[in-house]
Amino acid sequence: MLSENPQVRHPFGEAAIAVLPASGAASVTIQNDLTIIDGETTQATAARTVNLEIAPDLKAGARIVVKHKASATAALTPGTGMTGAELTGTATKLYVAEYIYDGTKFVQLAPALEL
């Protein structure tokens, strides 16, 4: 169980960054008001699922930005703590989606941007 978070949060502190593995389920702890979930640095080689562990003192309005890049057609599925469309990868394309915290879960704001 997460306890209160002593870190300096965004925008006064830096955004948190979590790097995803190449495949499988990833548990990401969300304690900052802005978290970048980096699925670009390590490209997906198979399907990935992102499950969030949300700090109890996180306020509504916190944001996460999810970046997903695949070496083929591997998808990224929003899991626990978030809702939105699956990001289906295409080789060499980067997909970016933003989510906002509604006090209960992170909700996708719009379809992912393909870059």
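What comes next concerns the included structure. (Residues numbered from 1 in each chain as written. Predicted model: local features only at pLDDT ≥ 70, side-chain atom pairs only at ≥ 80, totals over all residues. Heavy atoms only, no water.)

**Thoughts on the overall build of the protein chain**
Okay, so step 1: Broken down by element type, the protein chain carries 0 helices and 11 strands.
Okay, so step 2: The N-to-C order of helical and strand elements in the protein chain reads β-β-β-β-β-β-β-β-β-β-β.
Okay, so step 3: Along the longest, intermediate and shortest principal axes, the C-alpha atoms of the protein chain span 40 × 25 × 25 Å.
Okay, so step 4: A total of 115 residues make up the protein chain; the buried ones form 39% of that total.
Okay, so step 5: Across the protein chain, the fraction of contacts at a sequence separation of at least 24, relative to all contacts at a separation of at least 6, is 55%. (Helix = DSSP H or I, 4+ residues; strand = E, 2+ residues; numbered from the N terminus. Buried < 20%, exposed > 50% of the residue type's maximum accessible area, 1.4 Å probe, protein only. Contact = heavy atoms within 4.5 Å.)

**Comments concerning unusual backbone geometry**
Okay, so step 1: With phi around 70 degrees, Thr-92 is a residue other than glycine that occupies positive phi space.
Okay, so step 2: Since its relative accessible area comes to 63%, Thr-92 is described here as exposed.

**Some details on the nonpolar core**
Okay, so step 1: Counting 20 residues, the largest nonpolar core has Leu-52, Ile-64 and Phe-106 as its most contacted members.
Okay, so step 2: Put simply, the parts of the chain that give this core at least two residues each are β2 (24–30), β4 (48–54), β5 (63–70) and β9 (94–101).
Okay, so step 3: Residues within four places of Leu-52 in sequence aside, it is in contact with Val-28, Ile-30, Ile-37, Ile-64, Thr-80, Gly-81, Met-82 and Phe-106. (Core = buried A, V, L, I, M, F, W, Y, C linked by side-chain atoms within 4.5 Å.)

**Some remarks on the sheet that holds β4**
Okay, so step 1: Taken together, 4 strands build an open sheet; the order of strands is β2-β4-β6-β8 and the sheet is mixed. Looking at which strands have only one partner, the edges of the open sheet turn out to be β2 and β8 (87–88).
Okay, so step 2: For β2 and β4, the ladder comprises 7 bridges, and the chain directions are parallel. Bridge assignment links Thr-29 to a residue of β4, and that residue is Glu-53. (Pairing = 2+ DSSP bridges.)

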